[in-house]
Amino acid sequence: MRVLSGRIEAFGDCSAEITDGDQCFAGPLAVSMEAYLEALFCGTLFRRHFATGFSDQPQTRQKLEPVVQLCANLAGGKEYQNLWARILGLGPARIA
């Protein structure tokens, strides 16, 4: 969803109507809708055609790490890196 600042934020599996506080809040995805769509397109393209396979395979992980960094940069910076790592299948703990 787009917040007043224009930033794009996401909720987890819960709907906004039943969310108690922000317990289902997944975090900010990008600084704007344009940045989000650009990062999403880039991540999808690279994930589908360049970094195929399971993320626990070393060769796939090596390919995904720079894609995560690229998507985070497109989204607006390093603060978005852990979330894009999760979106692309690496998980936040695996990215330095």
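The structure under discussion appears in the preceding block.
Residues numbered from 1 in each chain as written. Predicted model: local features only at pLDDT ≥ 70, side-chain atom pairs only at ≥ 80, totals over all residues. Heavy atoms only, no water.

Participant: Hey, could you run me through the packing of aromatic side chains in this one?
Facilitator: The description of an aromatic ring pair rests on the distance of the ring centres and on the angle between the ring planes. Scanning all chains against the criterion turns up two aromatic pairs. The interplanar angle of 45° and the centroid separation of 6.1 Å between the aromatic rings of tyrosine 36 and tryptophan 84 together place this pair among those described as tilted. Separated by 48 residues along the polypeptide, tyrosine 36 in helix 1 (residues 33–49) and tryptophan 84 in helix 3 (residues 81–88) bring together distant segments of the chain. For the pair shown, tyrosine 36 and tryptophan 84 are each scored as buried. Ring geometry for phenylalanine 46 against phenylalanine 50: centres 5.9 Å apart, planes inclined by 85°, an arrangement best described as edge-to-face. The class of phenylalanine 46 is partly exposed, set by a relative accessible area of 30%. Above the face of the phenylalanine 50 ring, lysine 63 is positioned so that its terminal group lies 5.6 Å from the ring centre. (Phe/Tyr/Trp six-rings, centres within 6.5 Å; stacked < 30°, edge-to-face > 60°. Helix = DSSP H or I, 4+ residues; strand = E, 2+ residues; numbered from the N terminus. Buried < 20%, exposed > 50% of the residue type's maximum accessible area, 1.4 Å probe, protein only. Lys NZ or Arg CZ within 6 Å of the ring centre and 35° of its normal.)

Participant: Is there a simple way to think about the pattern of salt bridges in this case?
Facilitator: Side chains that carry opposite charge are capable of pairing whenever their charged atoms lie near each other. Taken as a whole and assessed by the stated rule, the structure comprises one salt bridge. A salt bridge links arginine 61 to glutamate 65, with the shortest nitrogen-to-oxygen separation between them at 2.8 Å. With arginine 61 and glutamate 65 both in helix 2 (residues 58–75) and four residues apart, this pair spans about one turn of that helix. Judged by relative accessible area, arginine 61 falls into the partly exposed class, the value being 31%. On the accessibility criterion, glutamate 65 (26% relative accessible area) is partly exposed. (Salt bridge = Lys/Arg side-chain N within 4 Å of Asp/Glu carboxyl O.)

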